[in-house]
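Coordinate inspection notes
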Amino acid sequence: MRKTLIVLAIILVQGVSGQLFAQGDFGFEIGAFGGRSIWQDRDFQIGPPQVPIGAPPIKLNFAYGDEFLYGGRFNILSRGHWGGEFSYSYQSNSVTLTRQDSSGRQVELDGGVHHFFYNMIFNLMRYEKSKVVPFVTGGVGLAAYALSDEARAKAADPAGYGIGNLRPSEKRFAYNYGFGVKAKVTSRIGVRADFRHIFSDVPSYGLPKESSNPNQVVLPIQGKLQMFEASAGIYFHFSQGF
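Residues numbered from 1 in each chain as written. Predicted model: local features only at pLDDT ≥ 70, side-chain atom pairs only at ≥ 80, totals over all residues. Heavy atoms only, no water.

Core analysis: the biggest nonpolar cluster contains 33 residues, and Phe44, Phe62, Tyr64, Leu109, Tyr145, Leu166 and Tyr205 have the highest contact counts within it. Where this core is concerned, the elements lending two or more residues are strand S1 (26–40), strand S2 (42–46), strand S3 (58–64), strand S5 (82–99), strand S6 (106–123), strand S7 (132–147), helix H2 (149–156) and strand S10 (224–240). Tallying contributions element by element places S6 first for this core, with four residues. Not counting chain neighbours up to four residues away, the residues in contact with Leu109 comprise Asn93, Ser94, Val95, Leu147, Ala151, Ala155, Tyr161 and Leu166. (Core = buried A, V, L, I, M, F, W, Y, C linked by side-chain atoms within 4.5 Å. Buried < 20%, exposed > 50% of the residue type's maximum accessible area, 1.4 Å probe, protein only. Helix = DSSP H or I, 4+ residues; strand = E, 2+ residues; numbered from the N terminus. Contact = heavy atoms within 4.5 Å.)

Put into structure tokens, the structure is as follows:
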């Protein structure tokens with residue numbers, strides 16, 4: 001399924017770019033943005049063999065904090081109602097594992113989250129003729145969940161968290177969709193606002209989801225890790241043939 005989505009995205013890029021280059025009129029933009037992430041936490045539980053048979057499972061919560069983010073976008077080959085866009089964003093963030101019992105023990109690992117995307121854009125108004133252009137968008141990319149050296153050292157230290165050796169970065173295919181609006185301030189400068197829903201598989205940082213070894217720390221979270229992103233930014237517009 002993932003490979004199919006990537007192939008479809010490549011076909012769409014080639015089709016749109018071929019038409020625009022053939023017609024000789026297109027626009028592109030480069031810009032920066034800042035915003036806020038709103039993460040959805042996940043509950044899960046650990047059972048046998050990490051927990052003795054007959055004992056209640058250990059209930060845990062997995063959560064990233066709602067943090068500020070920043071990044072850049074490169075909008076390519078926009079014409080009429082269609083366009084394409086590359087984007088990158090980064091946020092410094094910590095993942096927290098909280099035991100949901102009377103102990104309330106927490107494991108907090110600081111690091112950061114990188115998002116790389118290619119999106120198709122559908123403009124509700126014609127790109128080259130409107131000063132205000134609302135749009136919808138969707139695309140595929142990569143989420144990289146990074147941990148700091150200090151967090152990894154504490155995780156590996158038996159006197160610290162003692163959960164084992166973690167990877168410095170965990171990469172997952174990611175998907176996003178959303179909407180936004182652009183407003184041209186001058187012929188070359190504009191502002192925009194975006195809202196996105198981003199989701200990927202949950203990172204495990206090298207920990208297995210299950211193990212027959214009762215002493216092995218596991219992270220058996222299923223489903224998707226989800227984030228909402230609200231952002232605003234400025235862009236610079238260039239055109240060919242309009």
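The subject of this paragraph is the confidence of the model for the protein chain. Here the protein chain averages 89 in pLDDT, while 88% of its residues score no lower than 70. When mean pLDDT is compared element by element in the protein chain, strand S9 (residues 189–201) scores highest at 97, while helix H1 (residues 2–23) scores lowest at 47. Contacts from residues 10–14, a stretch scored under 50 in pLDDT, to residues over four places away or in other chains number two contacts. A low-confidence stretch, residues 16–22 stays under pLDDT 50, and its non-local contacts, those more than four residues away or across chains, total 10 contacts. (pLDDT = per-residue confidence, 0-100.)

Take the pairing of S7 next. The pairing of S6 with S7 spans 13 bridges and is antiparallel. Of the residues in S7, the one forming a bridge with Phe117 is Gly141. Pairing analysis gives 15 bridges linking S7 to strand S8 (residues 169–184), with the strands arranged antiparallel. Looking at the pairing, Phe135 lines up with Gly180 of S8. (Pairing = 2+ DSSP bridges.)

Volume-wise, the largest pocket comes out at about 440 Å³. Around the largest pocket sit 19 residues that line it, and Ile46, Leu60, Arg105, Ile163 and Val217 are the ones nearest its centre. Broken down by secondary-structure element, the contributors of at least two residues to the lining of the largest pocket are S3 and S5. At three residues, S5 tops the list of elements feeding residues into the lining of the largest pocket. Tallied by class, residues from the lining of the largest pocket come to 12 nonpolar, five polar and two charged. (1 Å grid on protein atoms, 1.4 Å probe; cavity = no way out; pocket = protein on both sides within 12 Å on 5 of 7 lines; lining within 4 Å. Points joined across faces, edges and corners; volume = space filled by probe spheres on them. Nonpolar A, V, L, I, M, F, W, Y, C, P; charged D, E, K, R; others polar.)

Looking along the chain, the bond that leaves Pro48 and enters Pro49 is cis, with omega of 5°. For Pro49, the position within the fold is in the loop between S2 and S3.

This part is about the pattern of salt bridges. For side chains of opposite charge, pairing can occur when their charged atoms come near one another. Taken as a whole and assessed by the stated rule, the structure comprises 13 salt bridges. Among the salt bridges present, the one from Arg73 reaches Glu85, with a minimum N-O distance of 3.8 Å. Placement of Arg73 in strand S4 (residues 68–79) and of Glu85 in strand S5 is noted, with a sequence separation of 12 residues between them. A residue is classified by how much of its surface remains accessible, and Arg73, at 7% relative accessible area, is buried. Glu85 sits in the buried class, given a relative accessible area of 2%. Linking Glu85 and Arg192 is a salt bridge whose minimum nitrogen-to-oxygen distance equals 2.8 Å. Highlighted residues: Glu85 in strand S5 and Arg192 in strand S9, separated in sequence by 107 residues. For the pair Glu85 and Arg192, one class covers both residues: buried. One salt-bridge network, in which partners are shared between bridges, spans Arg73, Glu85, Arg192, Asp194, Arg196 and Glu229. (Salt bridge = Lys/Arg side-chain N within 4 Å of Asp/Glu carboxyl O.)

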